[in-house]
Amino acid sequence: QLDDFPENFLWGAASAAYQIEGAYQEDGKGISIWDTYAHTPGNTYQGTTGDVAIDHYHHLEEDVALMAKMGLKAYRFSVAWSRIIPDGEGTVNEAGLDFYRRLIHELRKNKIEPVLTLYHWDLPQALQDKYAGWESRQTIVAFKKYCEVLFKAFKDDVKYWVTFNEQNVFTSMGYRWGTHPPKLKNIKKMYEANHIINLANAEAINLFHELVPKGLIGPSFGYGPVYPLTGDPQDVLASVNADDFNNNWWLDVYCRGEYPYFMLKQLQKAKIAPNITEADRKLLKSAKPDFLGINYYHGGTVQTNRLEKQAETANQKDFSATDPYLMQPEADQAQSPEIPMFNSVSSPYLAKTEWGWEIDPIGFRIALRQVYEKYRLPIFVTENGLGAMDKLEDGQIHDSYRIKYLQEHLLAMKEAITDGVEMIGYCAWSFTDLLSWLNGYRKRYGFVYIDRDDNGERTQQRIPKDSFKWYQKIIAENGKQ
Ligand code: BGP
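Everything numeric in this text was worked out from a predicted model, so none of it was measured.

Structural notes on the overall build of the protein chain
Moving on, step 1. Broken down by element type, the protein chain carries 16 helices and 13 strands.
Moving on, step 2. Taken against the 2.2 N^0.38 rule, which gives 23 Å for 481 residues, the C-alpha radius of gyration of the protein chain at 21 Å falls within 12% of a compact globule.
Moving on, step 3. On the principal axes, the C-alpha backbone points of the protein chain span a range of 55 × 50 × 45 Å.

Here's the deal with the sheet that holds strand β9 (residues 343–345)
Moving on, step 1. One open sheet accounts for three strands, arranged β6-β8-β9; its pairing is mixed. The outermost strands of the open sheet, each flanked by one partner alone, are β6 (226–228) and β9. The average angle at which neighbouring strand axes cross in this sheet is 45 degrees, direction not considered.
Moving on, step 2. For strand β8 (residues 300–303) and β9, the ladder comprises three bridges, and the chain directions are antiparallel. If you follow T301 over to β9, its bridge partner there is V345.
Moving on, step 3. Where helix α10 (residues 233–256) meets the sheet, its contacts fall on β6, β8 and β9, and the angle it forms with β6 comes to roughly 165 degrees.

Observations concerning the nonpolar core
Moving on, step 1. Counting residues in hydrophobic clusters, the biggest one holds 135 residues, and the most contacted among them are Y75, V79, L116, L118, I294, I379 and M413.
Moving on, step 2. A total of twelve residues in this core trace back to one element, the largest contributor, which is helix α9 (residues 187–211).
Moving on, step 3. Setting aside residues up to four positions removed in sequence, I379 forms contacts with F291, L292, I294, L368, V371, Y372, V421, E422, M423 and I424.

Remarks on the confidence of the model for the protein chain
Caution applies to low-pLDDT parts of the model: their predicted coordinates are not meant to be read in detail.
Moving on, step 1. Residue-level pLDDT values for the protein chain average 93, and 93% of them are 70 or greater.
Moving on, step 2. pLDDT under 50 marks residues 308–327. Its contacts with residues more than four places away, or in other chains, come to 35 contacts.
Moving on, step 3. Counted against residues more than four places away or in other chains, residues 329–335, with its pLDDT under 50, gives nine contacts.

Comments concerning the pairing of strand β4 (residues 160–165)
Moving on, step 1. Along β4, six of the six residues are buried, which leaves the element largely enclosed by surrounding structure.
Moving on, step 2. Across four bridges, strand β3 (residues 113–119) lies against β4 in parallel orientation. For L116, the partnering residue across the bridge sits in β4 and is W161.
Moving on, step 3. Where β4 and strand β5 (residues 216–222) come together, four bridges link them in parallel fashion. Note that in β5 the partner of Y160 across the bridge is L216.

Section: the pairing of strand β2 (residues 74–78)
Each regular strand carries side chains that alternate between the two faces of the sheet.
Moving on, step 1. Of all the five residues making up β2, five are buried; the element is thus mostly covered by neighbouring parts of the structure.
Moving on, step 2. Alternating residues of β2 divide into A74, R76 and S78 and Y75 and F77, and every residue in both groups is buried.
Moving on, step 3. Bridging between strand β1 (residues 10–14) and β2 involves three bridges; their strand directions are parallel. Note that in β2 the partner of G12 across the bridge is A74.
Moving on, step 4. For β2 and β3, the ladder comprises five bridges, and the chain directions are parallel. Along β3, the bridge assignment pairs R76 with V115.

Points about the packing of helix α7 (residues 138–154) against α9
Angle between the axes and distance between the axes: these two values describe a pair of packed helices.
Moving on, step 1. One way to put it is that α7 packs onto α9 with a least axis distance of 9 Å and a crossing angle of 30 degrees. As summarised for this structure, α7 and α9 are arranged roughly parallel, according to the angle between their axes. Of the two possible hands of crossing, α7 and α9 adopt the one that is right-handed. Judged by residue contacts, T139, I140, F143, K144, C147, E148, F151 and K152 of α7 engage I196, L199, A200, E203, A204, L207, F208 and L211 from α9.
Moving on, step 2. Grouping the constituent residues of the contact of α7 with α9 by class yields eleven nonpolar, one polar and four charged.

As for the UniProt feature "active site" (unreviewed entry) in the protein chain
Moving on, step 1. UniProt's feature table lists "active site" (unreviewed entry) at E383, given in the numbering used throughout.
Moving on, step 2. Of note, E383 is situated in strand β10 (residues 379–383).

Thoughts on helix α5 (residues 94–109)
Moving on, step 1. The terminal C-alpha atoms of α5 lie 22 Å apart, and with 16 residues this matches the ideal 22 Å at 1.5 Å per residue to within 8%.
Moving on, step 2. Residues G96, F99, Y100, L103, I104 and L107 constitute the buried set of α5. Here the buried residues of α5 occupy an arc of 125 degrees about the axis, which is enough to place them on one side. Opposite its buried face, α5 presents the exposed residues E94, A95 and K109, each directed more than 90 degrees away.
Moving on, step 3. Tucked into the core, α5 has its buried residues touching α3 (60–70), β2, α4 (81–84), β3 and α7.
Moving on, step 4. In the stretch just after α5, K111 is the one whose phi turns positive, near 60 degrees.

So, the packing of helix α14 (residues 361–375) against helix α15 (residues 400–419)
Moving on, step 1. Relative orientation of the contacting elements α14 and α15 amounts to 30 degrees, with a least axis distance of 8 Å. What the angle tells us is that α14 and α15 run roughly parallel. In this structure, the crossing between α14 and α15 has a hand that is right-handed. Contacts between α14 and α15 pair P361, I362, F364, R365, L368 and R369 from the former with E408, H409, L411, A412, M413, E415, A416 and D419 from the latter.
Moving on, step 2. Residue composition of the contact of α14 with α15, by class: eight nonpolar, one polar and five charged.

Description of unusual backbone geometry
Moving on, step 1. Omega for the peptide link from P181 to P182 comes to 5 degrees, which places this bond in the cis form.
Moving on, step 2. With respect to the element layout, P182 can be found in the loop between α8 (167–176) and α9.
Moving on, step 3. Looking along the chain, the bond that leaves W429 and enters S430 is cis, with omega of 15 degrees.
Moving on, step 4. Structurally, S430 is set in the loop between β11 (423–429) and β12 (448–450).
Moving on, step 5. Positive phi values are uncommon outside glycine, yet R376 reaches one of about 50 degrees.

As for the sheet that holds β4
Moving on, step 1. In space, the eight strands of this closed barrel follow the order β1-β2-β3-β4-β5-β7-β10-β11, with parallel pairing throughout. Neighbour-to-neighbour, the strand axes of this sheet turn through a mean angle of 25 degrees, independent of strand direction.
Moving on, step 2. Inspection of the sheet shows β10 paired to β11 by three bridges, in the parallel sense. Following the sheet pairing, I379 is matched in β11 by M423.
Moving on, step 3. Contacts from α14 reach β7 (292–295) and β10 within the one sheet, and its direction differs from that of β7 by about 155 degrees.

Here is what the cut-offs are and how they apply
Residues numbered from 1 in each chain as written. Predicted model: local features only at pLDDT ≥ 70, side-chain atom pairs only at ≥ 80, totals over all residues. Helix = DSSP H or I, 4+ residues; strand = E, 2+ residues; numbered from the N terminus. Rg over C-alpha atoms; globule rule 2.2 N^0.38 Å. Pairing = 2+ DSSP bridges. Axes fitted to C-alpha atoms, helices over the stretch in contact; angles between N-to-C directions. Contact = placed C-beta atoms within 7 Å. Core = buried A, V, L, I, M, F, W, Y, C linked by C-beta atoms within 7 Å. Buried ≥ 20, exposed ≤ 12 C-beta atoms within 10 Å, placed from the backbone. pLDDT = per-residue confidence, 0-100. Parallel < 35°, antiparallel > 145°, perpendicular 65-115°, else oblique. Left-handed = near helix turned anticlockwise from the far one by under 90°. Nonpolar A, V, L, I, M, F, W, Y, C, P; charged D, E, K, R; others polar. UniProt positions renumbered as here; feature names shortened; annotations may be inferred. Expected span 1.5 Å × (residues − 1). Arc of directions from axis to C-beta.

Here it is in structure tokens:
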């Protein structure tokens, strides 16, 4: 017998500014690193950009009306920093604030809890140009100012705040694989930038607790459990290494205020550890998140990096080049100390999505349990969903595959709750279809279909999918299936 979902469980859906808003130069907005990156040929799928996206900027009321119709209890969105402070650190743009004021007002009017993400990857370009973005402590100062503006503006209307979305993903893509801005392949800089962001995260949390005592704040982390391919202790050791490398390196800092001991030693030996001062250590220790946001798509399987083992399973290597959760340290990065730590392989037990992402609902239960066991913070699932190529048939979308995916994950979450995990809510990714950073508009995640594609904006008409009605019922019955 499974426990029911808690009474006030926040059934939600999520989005991010760059992926939905469009209006990239309207009402005083500044340019972000994603505007620049997507405008550079060769960086995104068929050159798709968020210039117009799904034009949420001009469909705000219509989109919130659909959320209300669905019965959504929470809506997670991000604020575009460059709308609020166009150059990242100077004058505040009132028109930018007004847009989010309207959004929050509409949500409140419809009894939908706003969940505000401060940073979902769209750093103001001016900060990148002036300070090299997250490589500089100047950016912490700018971030703090931006946070202060938002905390003061929305402290009475927004209870749930997310600091950084998937720091692990945007720094790995931006600095290890060079597939997100700032498009570098520099491991040392990656660890430096991560440290700077950790400090910014801690500063934001401390400031929040001063200015918004009744609110709750935490980071959203892209978590995946790690499995050893076999019971061979060599593979098990590889999975211990990979867990440090993929999860603990960030979560320990957020939740315990310190870097994991063995991995830090390893980085120090390889001379790529970040520069951590005594004041930094104190700051990291002082900041305590109120909850942990978890984004869950899939975990990963690893084996030892002993060469003869790799040869045995070489045929299992099969990675999607655009999977941000891909854990494979690249062999050509000679300075990377992770190379001897583990080798990522495809799981022989799991089916995959059209994009090669493993489908692993049990991994979701494992993830929730592992994170709760280690850090004992309430968990807010801030993303989980299925990207697929939906097809319009007679004006409808019959996305039974998405319903199945979500159903299985909700069941796993219910099992985790029965196990004892304390949960605040669940935001499916995503409410409407939107821009997938590197995959254009054809990779769809929404409950609401948007009539636009990679070739153009078309009508931008909103069409609820079958999954919309299904989720509407789930919410109405508080998760009974
Ligand atoms: C997460 C991001 C989201 C979203 C999602 C799906 O990493 O936080 O913004 O994009 O992944 O990823 P994708 O669009 O690459 O399929």
